[in-house]
Amino acid sequence: MSLDNAKVVSWRGAREPAVRDRLERPLQDLRISVMDRCNFRCPYCMPEDKYHKDFEFLKTSERLSFEEIQRLVQVFAGLGVRKLRITGGEPLLRPSLPDLIGDLSRVAGIEDIALTTNGVLLAQQAAALKAAGLSRVTVSLDSLDEGVFLAMSGGRGTPARILDGIHEAISAGLTPLKVNTVVIRGMNDHTALDLVEHFRGTGVIVRFIEYMDVGTINHWRLDDTVPSRDLVQRISARWPLVPVDRNYRGEVARRYAFADGQGEVGFISSVTEPFCGACTRARLSSDGQLFTCLFASHGLDLRGPLRAGASDGELGDIVRAAWGRREDRYSELRAARKPDGDKVEMYYIGG
Ligand code: SAM
Ligand code: SF4
Ligand code: SF4
């Protein structure tokens, strides 16, 4: 859409104090899923047997348009959101994504726009995304070993193609670039150190993610999760690591620097070391449902009121009320919980 270069003024101005939930957590980050489809079939996220060729994804008209996403972002910015992450599904499957990045970069109050992608389509889009205002990119890459990679991606893509995307993104200035690696015992944990070796000294930050019980379809078992502390020990035995302070409160990754100055690695340990107390993130699905926790079973429909003509003020009141009711701390309660049958799937609300 065409907007002039001036920052779009949010509905109550960007200086209003952030809205807080019942646990005093401010609303600061918004993850926006722009596409429920994906060109991978990672067995831990969208297993092929469920997401087969006849699976019914959203229709184009059901997904929020760029104008609708921008309007909601203005509303969220008015409530305190400063950082956006564009995700999916696979966000680079959404046509003309740089146009959306451009629109969002002009919303008053938005200071940082990042993207999470599997990297397959990154090489050809990196420069346009950067030019449109994207700040940073996180590329998911579960292994450099082709066979392991294919087992983790559902037989799609190649490590070489993802490395190509990473290279182009760095050339375009989408830095510091982070690589996300989900670690699943017996699948790719034996190749984790290869990733560290490959990216050490390049400026790329590898972050190992504990495999989580998101959704209900990946048949997660606690035994499949490799605790971050085990990986820290294994990596440190080869390349000594020194803990580094978090960049900011709410940063999800535990950071460690290589003692020899060759950069750092991160660990996202939501299973063994939950960080709900500092969780300031809301999620918006591609059809406009608001989720206040990755492990929620229900979203709150924002598309309905948006399409019915609600004003920015009315939309802001809906979001403020939802955030005000928020008590989510699923990961902290996980140990005490009984298995739950109806959690939303991650590809739908975005990782
Ligand atoms: N398709 C993009 C990608 O893979 O980067 C963006 C969406 S994906 C849902 C976002 C992140 O969630 C990826 O890094 C993926 O590895 C991670 N993820 C998906 N399912 C997960 C699970 N069960 N446990 C931990 N991380 C998971
Ligand atoms: Fe697709 Fe990302 Fe899920 Fe893999 S993790 S299936 S790439 S959405
Ligand atoms: Fe945030 Fe929910 Fe994850 Fe806790 S479990 S960190 S509240 S998304």
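Residues numbered from 1 in each chain as written. Chains lettered and ligands numbered in written order. Predicted model: local features only at pLDDT ≥ 70, side-chain atom pairs only at ≥ 80, totals over all residues. Heavy atoms only, no water.

Caption draft 1: Seen up close, the overall build of the protein. For the protein, the count of helices and strands is 11 helices and 12 strands. Taken across its 351 residues, the protein has 55% of its residues classed as buried. Excluding contacts between residues fewer than 6 apart, the proportion of contacts in the protein whose partners are at least 24 apart in sequence is 76%. Surface accessibility of the protein: about 14,900 Å² in total, with carbon and sulfur atoms responsible for 50%. (Helix = DSSP H or I, 4+ residues; strand = E, 2+ residues; numbered from the N terminus. Buried < 20%, exposed > 50% of the residue type's maximum accessible area, 1.4 Å probe, protein only. Contact = heavy atoms within 4.5 Å. Areas by Shrake-Rupley, 256 points an atom, 1.4 Å probe, with all protein chains shown as cover.)

Caption draft 2: Broad picture of the site of ligand 2. The immediate surroundings of ligand 2 are formed by Cys38, Phe40, Cys42, Cys45, Met46, Gly89 and Asn118. Considered class by class, the residues forming the shell around ligand 2 number 5 nonpolar, 2 polar and no charged. (Near = heavy atom within 4 Å. Nonpolar A, V, L, I, M, F, W, Y, C, P; charged D, E, K, R; others polar.)

Caption draft 3: Focus on the pattern of salt bridges. Across all of its chains, the model carries 18 salt bridges by this definition. Where aspartate 103 meets arginine 106, a salt bridge forms, and the shortest distance between an N and an O atom there is 3.4 Å. In this structure aspartate 103 comes out as buried when scored by relative accessible area, which is 0%. The salt bridge partner of glutamate 264 is arginine 255, with a shortest N-O separation of 2.9 Å. We note that glutamate 264, like arginine 255, is buried. Within the structure, one salt-bridge network assembled from shared partners comprises Asp21, Arg25, Arg326 and Asp328. (Salt bridge = Lys/Arg side-chain N within 4 Å of Asp/Glu carboxyl O.)

Caption draft 4: Structural detail: the packing of aromatic side chains. Within the structure shown, the criterion is met by 8 aromatic pairs. Positioned above the aromatic ring of phenylalanine 258 is the side chain of arginine 200, whose terminal nitrogen or guanidinium carbon lies 4.9 Å from the ring centre. (Phe/Tyr/Trp six-rings, centres within 6.5 Å; stacked < 30°, edge-to-face > 60°. Lys NZ or Arg CZ within 6 Å of the ring centre and 35° of its normal.)

Caption draft 5: Structural detail: the site of ligand 3. Taken together, Phe275, Cys276, Cys279, Arg283, Cys293, Leu294, Phe295, Arg326, Asp328, Tyr330 and Ser331 make up the full set of residues adjacent to ligand 3. Grouping the constituent residues of the shell around ligand 3 by class yields 7 nonpolar, 1 polar and 3 charged.

Caption draft 6: Expanded view of the environment of proline 240. With respect to the helices and strands, the residue proline 240 is situated in the loop between helix H7 (228–238) and strand E7 (241–244). For the pair proline 240 and tyrosine 256, spaced 16 residues apart in sequence, the C-alpha separation works out to 9.5 Å. With sequence-adjacent residues up to four places away left out, proline 240 is seen in contact with Ala257, Phe258 and Ala259.

Caption draft 7: A look at the pairing of strand E10 (residues 281–284). Here E10 shows two buried faces, one formed by Arg281 and Arg283 and the other by Ala282 and Leu284. Bridging between E10 and strand E11 (residues 289–291) involves 2 bridges; their strand directions are antiparallel. Bridged to arginine 283 within E11 is phenylalanine 291. What sits between the antiparallel neighbours E10 and E11 is a turn of 4 residues, in which glycine 288 has the positive phi angle 85°. (Pairing = 2+ DSSP bridges.)

Caption draft 8: Region of interest: the environment of arginine 85. Tracing the sequence through the fold places arginine 85 in strand E2 (residues 83–87). In this structure, arginine 85 is in contact with Leu30, Arg31, Ile32, Ala114, Leu115, Thr116, Arg136 and Thr138, ignoring residues within four places of it in sequence.

Caption draft 9: Seen up close, the nonpolar core. Ile32, Phe76 and Phe208 are the most contacted members of the largest nonpolar core, which totals 90 residues. Looking at this core, the element that brings in the most residues is helix H1 (residues 66–78), giving 7 residues. Excluding anything up to four places from it in sequence, phenylalanine 76 contacts Leu27, Leu30, Val81, Ala282, Leu290, Leu302 and Val319. Counting residues in hydrophobic clusters, the runner-up holds 9 residues, among them Val214, Leu294, Phe295 and Ala296. (Core = buried A, V, L, I, M, F, W, Y, C linked by side-chain atoms within 4.5 Å.)

Caption draft 10: Focus on the sheet that holds E10. If you walk across this open sheet you meet the 12 strands as E7-E8-E9-E6-E5-E4-E3-E2-E1-E10-E11-E12, and the pairing is mixed. Strands with a single pairing partner mark the edges of an open sheet, and in this sheet they are E7 and strand E12 (300–301). Strand direction decides the pairing type here: strand E3 (residues 112–117) and strand E4 (residues 136–140), joined by 4 bridges, are parallel. Among the inter-strand pairings, leucine 115 is bridged to a residue of E4, identified as valine 137. Contacts from helix H6 (residues 192–199) reach strand E5 (178–183), strand E6 (205–210), strand E8 (254–258) and strand E9 (264–268) within the one sheet, and its direction differs from that of E6 by about 160°. (Axes fitted to C-alpha atoms, helices over the stretch in contact; angles between N-to-C directions.)

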